[in-house]
Amino acid sequence: MAGSRSRQQLKRQRGRTADDRDLRPAKRTPDVVRVNFVRLLPQDLLAKIHGRLTFLDRLAFAVVCSAAGHPMNLEDTPTPWIVFPGKTKEKATFFSLADSRAAAARTSDLGMRGHIVLGSSFGWLATADEFGGLQIVNPVTGQHTRLPDIATIPFLDYSLAYSKKGGHYCLNTELFHRTRYGGLPVPIDEHYGSMMPQTSTLTGYQMRHWFYRKVILSASPRLDSYAAMLILHQNFGVPAFATSDHPTWKVAPSVHGIEDAIHHDGRFYSISSSGAVEAWERDCATGEYTSKLVAVARVNMVVKEEFKVVRKYIAAMPDGRLVVLLKYTWEKMMTYNDPRKWSCVFKVQMLDEARRRWKETRDIGDAALFVGMSSSFCVSTAAAHTGIKPGCVYFADDQLEQAAEPREWEANKYGPRSREDENKIPEQAGVYSLKDGTVELVQGLARQPWSSPPVWFTPSF
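What you are looking at is a predicted structure, and each value in this text was computed from that prediction instead of being measured. (Residues numbered from 1 in each chain as written. Predicted model: local features only at pLDDT ≥ 70, side-chain atom pairs only at ≥ 80, totals over all residues. Heavy atoms only, no water.)

Draft legend 1. Local environment of the overall build of the protein chain. When you go through the protein chain residue by residue, the secondary structure sums to eight helices and 29 strands. Buried residues in the protein chain amount to 47% of all 461 residues. On the protein chain, roughly 25,100 Å² of surface is accessible, and the fraction owed to carbon and sulfur atoms is 51%. (Helix = DSSP H or I, 4+ residues; strand = E, 2+ residues; numbered from the N terminus. Buried < 20%, exposed > 50% of the residue type's maximum accessible area, 1.4 Å probe, protein only. Areas by Shrake-Rupley, 256 points an atom, 1.4 Å probe, with all protein chains shown as cover.)

This is how it looks when you write it as structure tokens:
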């Protein structure tokens, strides 16, 4: 019976005419109107909302306000962040020193998926992609632009031959040595002796780890005119310069090799492996950069008997004085019974410009120094930098050769207890007190499972 009633009901529905069906009111989908409500709010209310947010949330809120036509200014000198690669190429982690909080961002949104960060200047990150191409990106606004083609370096050529997954770069060794030493005699190579190979090849992936070291900008790329300084890997040691007006890399000689550089007071300053600090000037007629010696820092190769010098940095104090930092490290490898141990020491030298001499000091006042592979700079804790300790050096690991490789903890071989001991080592990022010589972890920052060097980053719009 139930089946018979269902069939009769179906026939009645089919018997309805088209006119009958048209008489029933049709359902209308309401029009969706997208309104940026921020555009409708007064500026004073937006400022109150902005002031109640944590620093990470302030950045996101400021981006929304800017899109709505209400530019929301951050403090003049925001507290630095740390940028880490995520566990996958699709993610990057941003850690705020002010809030001791971390937030993840999609690298595809930032235009830096699968990239290695080579530098941080004025809120912009300089990165290298998987093919060795260089670009700069602002992680806050998403703006990005390409740096000049690296193949514009005279001793470097790009070739698609003998490659299935992309081209490779061919380095003319003889031309490179003539460029680096500026016509001076070339030292005998420890590995090859006097029989140096004429060429050397690098894939795009190898370029990121074994050819580049650091990129420094002279100004924010938002401006119409800026310059970029590229420091090559310590195996090459020379600097290359390019400007937005002349997008071609020009290599400058450097006998001892450049380790670190900054842009300060209208010019680039660098420190070599021998401790020589130089100021670089551009010839407007030729576009070539030449250096002038400022002063030579004293470099002791060993301190405290077991600590060996591994890195040299240069920075500028808030009052404009140049400062050199020498990083010494000590390591005891893990055994079956004892966990691995690691520690570091920093020696700071301040420039006496009148005497052109460096004076070692442990007193930097209320300032805090930041050093690492990406950038070297100084901030004043008197400028309301929340979470920053005065008189300290904030350091980050700078082993670019290990970038983007999974960290294989030796602790895995000996159980979770050793892994916990490894997590207590501030090798990736830490704080060194110049006053008492202690080393500690960055508060709230857990050890990252990837060994790509962390990057100091100061947000900007």
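Draft legend 2. How the structure looks around the sheet that holds strand S17 (residues 276-282). Pairing is antiparallel across the open sheet formed by four strands, whose spatial order is S15-S16-S17-S18. Strand pairing shows two members of the sheet lacking a second neighbour, strand S15 (258-264) and strand S18 (289-296), which therefore form its edges. The average angle at which neighbouring strand axes cross in this sheet is 25°, direction not considered. Here seven bridges tie S17 to S18, and the two strands are oriented antiparallel to one another. Each residue of the ladder has a partner; that of Val-277, found in S18, is Ala-295. (Pairing = 2+ DSSP bridges. Axes fitted to C-alpha atoms, helices over the stretch in contact; angles between N-to-C directions.)

Draft legend 3. Representation of unusual backbone geometry within the structure. Positive phi, close to 55°, is recorded for Phe-122, a residue that is not glycine. Tracing the backbone through its elements, the reader meets Phe-122 in the loop between strand S4 (116-121) and strand S5 (124-128). Phe-122 gets classed as partly exposed once you look at its relative accessible area, which sits at 43%. Phi at Asp-265 is positive, roughly 55°, even though this residue is not glycine. Mapped onto the elements of the fold, Asp-265 is located in the loop between S15 and strand S16 (267-272). On the accessibility criterion, Asp-265 (65% relative accessible area) is exposed.

Draft legend 4. Geometry of the pattern of salt bridges. According to the stated counting rule, one finds eleven salt bridges in the structure shown. Across the pair Asp-398 and Arg-311 runs a salt bridge whose closest N-O atoms are separated by 3.3 Å. Of the two residues, Asp-398 is situated in the loop between strand S26 (392-396) and helix H8 (416-423) and Arg-311 in strand S20 (residues 307-316); the sequence distance between them amounts to 87 residues. Residue classification places Asp-398 among the buried positions, given a relative accessible area of 2%. Among the ionic pairs, Glu-331 bridges to Arg-340, the shortest N-O distance being 2.7 Å. Judged by relative accessible area, which is 11%, Arg-340 ranks as buried. (Salt bridge = Lys/Arg side-chain N within 4 Å of Asp/Glu carboxyl O.)

Draft legend 5. Broad picture of the sheet that holds S26. The five strands are arranged S25-S24-S26-S27-S28 in an open sheet whose pairing can be described as mixed. Both outer strands of the open sheet, strand S25 (377-380) and strand S28 (439-441), are each paired with one neighbouring strand and no more. Strand-to-strand twist of the sheet, defined as the mean angle between neighbouring strand axes without regard to direction, takes the value 25°. With four bridges connecting them, strand S24 (residues 367-371) and S25 associate as antiparallel partners. Bridging across to S25, Ala-368 finds its partner in Val-379.

Draft legend 6. Representation of the packing of aromatic side chains. Tallying each qualifying case throughout the model produces 20 aromatic pairs. These aromatic residues form a ring-pair network of at least three members: Phe-155, Phe-176, Phe-211, Tyr-212 and Phe-236. A cation sits over an aromatic face here: Lys-304 above Phe-307, 5.8 Å from the ring centre. (Phe/Tyr/Trp six-rings, centres within 6.5 Å; stacked < 30°, edge-to-face > 60°. Lys NZ or Arg CZ within 6 Å of the ring centre and 35° of its normal.)

Draft legend 7. Quick peek at the side chain of Thr-361. Tracing the backbone shows Thr-361 in strand S23 (residues 357-361). In contact with Thr-361, not counting residues within four places along its chain, are Val-348 and Met-350. (Contact = heavy atoms within 4.5 Å.)

Draft legend 8. Seen up close, the side chain of Thr-381. Mapped onto the fold, Thr-381 is located in the loop between S25 and S26. The exposure class of Thr-381 is buried, given its relative accessible area of 18%. A distance of 2.4 Å separates the side chain of Thr-381 from the backbone oxygen of Asp-366, its partner in a polar contact. (Polar contact = N/O pair within 3.5 Å; in protein donor to acceptor, adjacent residues only side chain to side chain.)

Draft legend 9. Structural view of the environment of Ala-382. Locating Ala-382 in the fold gives a position in the loop between S25 and S26. Each C-alpha atom, one on Ala-382 and one on Gly-365, is 9.9 Å from the other, the two residues being 17 residues apart in sequence.

Draft legend 10. Representation of the nonpolar core in the model. Within the largest apolar cluster, 40 residues are counted, with the highest numbers of intra-cluster contacts made by Met-317, Val-323, Leu-325, Phe-346, Trp-358, Leu-369 and Val-393. When contributions to this core are tallied by element, the ones reaching two or more residues are S16, S17, S18, S20, strand S21 (322-332), strand S22 (341-352), S24 and S26. Broken down by element, this core gets its largest block of residues, seven residues, from S22. In terms of nonpolar packing, the next biggest core, distinct from the first, is built from 34 residues, Leu-134, Phe-176, Met-207 and Tyr-212 among them. (Core = buried A, V, L, I, M, F, W, Y, C linked by side-chain atoms within 4.5 Å.)

Draft legend 11. Focus on the environment of Glu-360. By secondary structure assignment, the location of Glu-360 is in strand S23. When its relative accessible area of 41% is taken as the criterion, Glu-360 is described as partly exposed. Among all residues touching Glu-360, those that are not within four sequence positions of it are Arg-298, Lys-347, Val-348 and Gln-349.

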